[in-house]
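# Descriptive analysis of the structure
The chain contents come next:
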Amino acid sequence: MKLIIIIVPKEDSKKLEETLVENKYQLTRFEGLGGYLKKKNFTFFIGVNNEKVEDVLKLIEKTCKKRKEVVTTSDLGEGLGETLITSGAKVQSGGATVFIIEVNKFFKF
Ligand code: 2BA
């Protein structure tokens with residue numbers, strides 16, 4: 001079994017969640033904030049059997065927008081990001097960041 005952790009920008013999260021639920025995957029969603037850009041994002045935890053991992057990856061790829069080059073200061077949230085990032089700096093953003101972790105034990109009591 002694997003735990004798939006997916007971080008997506010807010011704008012892709014609804015569609016991703018609907019797609020995963022339609023495809024009968026169980027998930028937990030957390031709202032978060034990117035440490036660098038300070039933009040809202042969502043993290044999904046999905047526990048799946050090994051043979052389902054490829055299917056989940058395909059759904060993510062199909063659902064989430066492609067990564068793109070951004071940034072002007074107007075894209076940034078309030079706080080630390082503004083002090084760290086110079087005006088007009090460019091970074092890759094969007095798409096999904098995915099971690100796949102081996103699950104040693106899984107219980108539901
Ligand atoms: P942020 O931390 O706000 O990062 C937004 C984008 O800024 C990143 O896009 C990356 O292109 C760039 N970036 C991040 N930290 C940087 C740094 N120290 N120097 C220069 N550029 C930097 P993504 O890689 O697509 O990441 C999107 C969001 O996914 C991140 O938002 C963060 O919340 C999460 N994330 C990405 N990689 C992660 C990791 N290894 N561990 C935990 N969270 C991660």
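Preceding block: the structure.
The structure reproduced in this document is the subject of the present report. Everything numeric here is computed off the predicted structure, so don't read it as measured data. In every chain, residue numbers begin from 1 and rise along the written sequence. For a predicted model such as this one, the threshold for reporting local features is a pLDDT of at least 70, and the threshold for listing and counting side-chain atom pairs is 80 or more; totals across whole chains, interfaces and linings nevertheless cover every residue. Hydrogen atoms and water are omitted, and side-chain values are computed over all heavy atoms in the structure.

### Looking at the layout of surface pockets
By volume, the largest pocket amounts to about 470 Å³. The pocket and cavity definitions rest on a 1 Å grid over protein atoms only: a 1.4 Å probe that fits but cannot leave marks a cavity, an open set with protein on both sides within 12 Å along at least five of seven lines marks a pocket, and residues lining either have an atom within 4 Å of a point. Along the wall of the largest pocket there are 26 residues; nearest its centre are Pro 9, Leu 37, Asn 41, Ser 93 and Gly 94. Secondary structure elements are defined from DSSP: runs of H or I of at least 4 residues count as helices, runs of E of at least 2 residues count as strands, and each element is numbered from the N terminus. Elements that contribute at least two residues to the lining of the largest pocket include exactly strand E1 (2–9), helix H1 (10–22), strand E3 (40–48), strand E4 (68–70) and strand E5 (91–93). Polar here means any residue other than Ala, Val, Leu, Ile, Met, Phe, Trp, Tyr, Cys and Pro, which are nonpolar, and Asp, Glu, Lys and Arg, which are charged; Gly is therefore polar. A breakdown of the residues in the lining of the largest pocket according to their chemical character gives 8 nonpolar, 8 polar and 10 charged. In this structure, the second largest pocket encloses a volume near 300 Å³. Along the walls of the second largest pocket sit 18 residues, with Met 1, Gln 26, Ile 46, Gly 47 and Val 48 positioned nearest its centre. Those elements that provide at least two residues to the lining of the second largest pocket are E1 and E3. Grid points are joined across faces, edges and corners, and a volume is the space filled by probe spheres set on the points.

### Focus on the pairing of E3
As paired strands, E1 and E3 are joined by 8 bridges and run antiparallel to one another. Bridge assignment links Ile 7 to a residue of E3, and that residue is Thr 43. Here strand E2 (residues 28–33) runs beside E3; their pairing, made up of 6 bridges, is antiparallel. Of the residues in E3, the one forming a bridge with Gly 32 is Asn 41. Between E2 and E3, which pair antiparallel one after the other, the connecting turn spans 6 residues, and Lys 38 there sits at a positive phi close to 60°. Pairs of strands are assigned from DSSP output, requiring at least two bridges between the strands.

### Description of the packing of aromatic side chains
The pairing test for Phe, Tyr and Trp rings, Trp by its six-membered ring, is centres within 6.5 Å, and the orientation test on the planes gives stacked under 30 degrees, edge-to-face over 60, and tilted for anything in between. Applying the stated criterion across every chain yields a total of 2 aromatic pairs. Between the aromatic rings of Phe 30 and Phe 45, the centroid separation amounts to 5.1 Å while the plane-to-plane angle is 70°, which identifies the pairing as edge-to-face. You can see Phe 30 sitting in strand E2 and its partner Phe 45 sitting in strand E3, a full 15 residues away along the chain. To sort residues, take the accessible area from a 1.4 Å probe on protein chains only and compare it with the maximum for the residue type: under 20% means buried, over 50% means exposed, and anything in between is partly exposed. Classification of Phe 30 as partly exposed rests on a relative accessible area of 39%. Ring plane angle 15° and centroid distance 5.4 Å describe the contact between Phe 107 and Phe 109, whose orientation is recorded as stacked. Taken individually, Phe 107 and Phe 109 each receive the classification exposed, so the pair is uniform in this respect.

### Focus on the pattern of salt bridges
When a carboxyl oxygen of Asp or Glu is within 4 Å of a side-chain nitrogen of Lys or Arg, the pair counts as a salt bridge. Under the counting rule described, the total for this entry stands at 5 salt bridges. Between Lys 2 and Glu 102 there is a salt bridge, with its nearest N and O atoms 2.8 Å apart. Placement of Lys 2 in strand E1 and of Glu 102 in strand E6 (residues 97–102) is noted, with a sequence separation of 100 residues between them. Of the residues examined, Lys 2 reaches a relative accessible area of 17% and is grouped as buried.

On their own, these measurements won't tell you what the molecule is for.
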